[in-house]
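Coordinate analysis (summary)
The lines below spell out each chain.
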Amino acid sequence: MPAGDAIPLELIGFCAVVAALALFRRVHLPGRGLYLLRALLPSWRFFDDFGRAPVLWVRARDDGGTFGAWSRALQRRPRRLTHLLSNPEVNLQLLNGSLVQQLAREIAALEEPDPDRVTDSVAYTLTRRLARECALERGDCAAFQFKIRLESPLEAGGAVDVLVSPTYEV
Amino acid sequence: MGAETALEWVSRLIGVALVLSSIEHLRLSRATSFTGVWAWRIVRRDLEGLPGLFRTAGDRLLGRFGLRWLLYARLLVAGWLIVVPAPVPLAVGFLTTLLLAVRFRGAFNGGSDSMTLIVLGSAFVASLGEPDSTLMKIGLWYLGVQVVASYFIAGVAKIGHRSWRTGRALSAFLTIAVYEPPGWAQRLLSGRFAGPLACWAVLGFELGFPLAMFHPVACLSLIGVAVPFHLANFGLFGLNRFVFAWAAAYPALYWCAVAG
């Protein structure tokens, strides 16, 4: 191996540290500032643990005061080959899915189960706005309600609701 | 392939990735499904507690009008990179991509944002050196190592979970995919033999990816598997940006295999 092109030892050491951090622990980024810069610190953990995935459900109340059935907020999108080059709607859906995961993590991080404590958070506010948009898409909607349900096709025992919101007027 | 040629290809390919993602963002910025939810006046609350300079910069750059100009600048430097790779568009591309990630609370598209930043940052560092200089080689080596790490670490993380070892993971992930999975794919991956075979194929590919560093033939072979792997992820899960972000890093990986 030509000496001039050999991997610098410092780079090997740095990469070993990065790999160790990514392999052996999920780094919880302290502080909001670092959280906003987390794209600079990838964990490279893709599709590893299915566990129980948080899913956003919504239901709408019509002018007569009758609630419709609960339905999943984020509906599946049609697949198109052109999406390879331009896929804004699907990427937005993926972003919204990440938002629901963020809110679920905030709820899980509470020392005592008290979903009311997250209602002031940015994630809750954005999720409420997302639920509102999804409820309005379903037609007659004077008010809406949303919930986050943990679901897993791998575990028996059904889904668990970790958050059920109050009813919000549109 | 020399270091300079590898860097040139990395720069042009990441320019393509930036063009496509910038156009996506510009289309999104007009959609009510986006503006009605991800309003800056809500997201900016994330900057509370940070020094006032950050909040002011955020309001200027990431508000409704600032964001559009940010995207136009990103599109401009992306085109510049495709035509004439250079340090300035790499740096501006890095900064605009990072600002976009902040706009969406840390990441818009997760892994592809991270790889895009790594490609841009590594290429920028490499571009500051003379052709075939140590600095250029450091930038390319770092990028090559990160590409290998992205597959290998993903594989290590997966194999620790029983659902992957028993072959149930892929069919489970399909149930939450943004696209309706093709019936044949769901049936196949739920099968007694095909499901575990597919899971172990993914594990074998990801865990074996470090071999790409050691020989050009191995590198090209693994890239030859990686491209359809990413295309399959796009077809099933809608992850189109991953295709282009990772493709931009492959010239650096190949250079590492040749140089090493």
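The structure presented is a predicted model; accordingly, all values stated were derived computationally and were not measured.

1. Overview of the overall build of chain A
Looking only at helices and strands, chain A has 4 helices and 5 strands in total. Across the 170 residues of chain A, 38% fall into the buried class. The contacts of chain A with a sequence gap of at least 6 include a subset with a gap of at least 24, amounting to 56%. Surface accessibility of chain A: about 9,200 Å² in total, with carbon and sulfur atoms responsible for 56%.

2. Overview of the pattern of salt bridges
Per the counting criterion, the structure on display carries 12 salt bridges over all chains. One salt bridge connects Arg72 of chain A with Glu151 of chain A, and the closest N-O pair in it is separated by 2.5 Å. With Arg72 of chain A in strand 2 (residues 71–72) and Glu151 of chain A in strand 3 (residues 143–151), this residue pair connects regions lying 79 residues apart in the sequence. Residue Glu151 of chain A is classed as buried on the basis of its relative accessible area of 13%. Salt-bridge contacts for Lys158 of chain B lead to Glu206 of chain B; the nearest nitrogen and oxygen are separated by 3.1 Å. Of this pair, Lys158 of chain B sits in helix 8 (residues 134–159) while Glu206 of chain B sits in helix 12 (residues 194–208); the two residues are 48 residues apart in sequence, bridging distant segments of the chain.

3. A look at the interface of chain A and chain B
In this complex, chain A contributes 64 residues to the contact, which on the side of chain B involves 80 residues. For the chain A face of the interface with chain B, the top three residues by lost area are Trp44, Phe47 and Arg76 of chain A, together amounting to 13%. Between the two partners, chain A and chain B, sit 1 salt bridge. With a shortest N-O distance of 3.4 Å, Arg76 of chain A and Glu180 of chain B are connected by a salt bridge. When residues of the side of chain A that touches chain B are traced back to their parent elements, those giving at least two are helix 1 (9–24), helix 2 (32–36), helix 3 (88–109) and helix 4 (122–137) of chain A. The biggest single contributor to the side of chain A that touches chain B is helix 3 of chain A, with 11 residues.

4. A few points about the nonpolar core
Core analysis: the biggest nonpolar cluster contains 69 residues, and Val147, Tyr151, Phe209 and Leu253 of chain B have the highest contact counts within it. Elements that contribute at least two residues to this core include exactly helix 1 (3–28), helix 5 (64–83), helix 7 (111–127), helix 8, helix 10 (169–174), helix 12, helix 13 (216–237) and helix 14 (240–259) of chain B. Among the elements that make up this core, the one with the highest residue count is helix 14 of chain B (14 residues). If we skip the residues at most four places from it in the chain, Val147 of chain B touches Met115, Phe209, Ala249, Tyr250 and Leu253 of chain B. Listed in part, the 45 residues of the second largest apolar core include Leu99 and Phe146 of chain A together with Leu100 and Phe104 of chain B.

5. A short note on unusual backbone geometry
All names here are of chain A. Phi at Trp44 is positive, roughly 60°, even though this residue is not glycine. Tracing the sequence through the fold places Trp44 in the loop between helix 2 and strand 1 (53–61). A positive phi is found at Phe47, a non-glycine position, where the angle reads about 50°. The residue Phe47 is located in the loop between helix 2 and strand 1 in this model. Phe47 sits in the partly exposed class, given a relative accessible area of 29%.

6. Some words on a nonpolar patch on the surface
Residues and elements named next belong to chain B. A contiguous nonpolar patch, built from Val16, Trp80, Ile82, Val83, Val84 and Val88 and spanning about 490 Å² of accessible area, is present on the exposed surface. Looking at which element gives the most residues to the nonpolar patch, the answer is helix 5, with 3 residues. Note on placement: Val16 falls in helix 1. Accessibility expressed as a relative area gives 31% for Val16, which makes it partly exposed.

7. A closer look at the pairing of strand 3 of chain A
All names here are of chain A. Among the 9 residues of strand 3, 7 are classified as buried, and the element is accordingly described as predominantly covered. Relative to strand 3, strand 1 is paired through 9 bridges, and the arrangement is antiparallel. Note that in strand 3 the partner of Trp57 across the bridge is Lys147. Where strand 3 meets strand 5 (residues 168–169), 2 bridges bridge the pair, whose relative direction is antiparallel. In the strand pairing of strand 5, Phe144 is matched with Tyr168. As paired strands, strand 3 and strand 4 (residues 160–164) are joined by 4 bridges and run antiparallel to one another.

8. Focus: the packing of aromatic side chains
Here the distance between the centres and the angle between the planes together describe a pair of aromatic rings. By the definition in use, this model includes 19 aromatic pairs over all chains. Of the aromatic side chains, those joined through ring pairs into one cluster are Trp44 and Phe46 of chain A together with Phe242 and Trp246 of chain B. The ring of Trp164 of chain B carries Lys158 of chain B above its face, with NZ or CZ at 5.4 Å from the centroid.

9. Details of the packing of helix 6 (residues 87–103) of chain B against helix 7 of chain B
Residues and elements named next belong to chain B. As a packed pair, helix 6 and helix 7 sit with axes 9 Å apart at the nearest point and diverge in direction by 150°. Classified by the interaxial angle, the pair formed by helix 6 and helix 7 is roughly antiparallel. Of the two elements, helix 6 crosses helix 7, and the hand of that crossing is left-handed. For the pair helix 6 and helix 7, contact is made by Pro87, Leu90, Ala91, Gly93, Phe94, Thr97 and Leu98 and by Thr116, Leu117, Leu120, Gly121, Ala123, Phe124 and Ser127, respectively. In terms of residue class, the contact of helix 6 with helix 7 is made up of 9 nonpolar, 5 polar and no charged.

10. Some thoughts on the environment of Phe34 of chain B
Positionally, Phe34 of chain B belongs in helix 2 (residues 32–35). A C-alpha to C-alpha distance of 20 Å links Phe34 of chain B and Leu18 of chain B, two positions 16 residues apart in sequence.

11. Points about the confidence of the model for chain A
Across chain A, the average pLDDT comes to 82, with 76% of residues at 70 or higher. Per-element mean pLDDT across chain A ranges from 61 in helix 1 of chain A up to 95 in strand 3 of chain A.

Definitions and cut-offs
- Residues numbered from 1 in each chain as written.
- Chains lettered and ligands numbered in written order.
- Predicted model: local features only at pLDDT ≥ 70, side-chain atom pairs only at ≥ 80, totals over all residues.
- Heavy atoms only, no water.
- Helix = DSSP H or I, 4+ residues; strand = E, 2+ residues; numbered from the N terminus.
- Buried < 20%, exposed > 50% of the residue type's maximum accessible area, 1.4 Å probe, protein only.
- Contact = heavy atoms within 4.5 Å.
- Areas by Shrake-Rupley, 256 points an atom, 1.4 Å probe, with all protein chains shown as cover.
- Salt bridge = Lys/Arg side-chain N within 4 Å of Asp/Glu carboxyl O.
- Buried area = accessible area lost by both parts, 1.4 Å probe.
- Core = buried A, V, L, I, M, F, W, Y, C linked by side-chain atoms within 4.5 Å.
- Patch = residues over 30% accessible without salt bridge, like charges linked within 9 Å, V, L, I, M, F, W, Y side chains within 5 Å.
- Pairing = 2+ DSSP bridges.
- Phe/Tyr/Trp six-rings, centres within 6.5 Å; stacked < 30°, edge-to-face > 60°.
- Lys NZ or Arg CZ within 6 Å of the ring centre and 35° of its normal.
- Axes fitted to C-alpha atoms, helices over the stretch in contact; angles between N-to-C directions.
- Parallel < 35°, antiparallel > 145°, perpendicular 65-115°, else oblique.
- Left-handed = near helix turned anticlockwise from the far one by under 90°.
- Nonpolar A, V, L, I, M, F, W, Y, C, P; charged D, E, K, R; others polar.
- pLDDT = per-residue confidence, 0-100.

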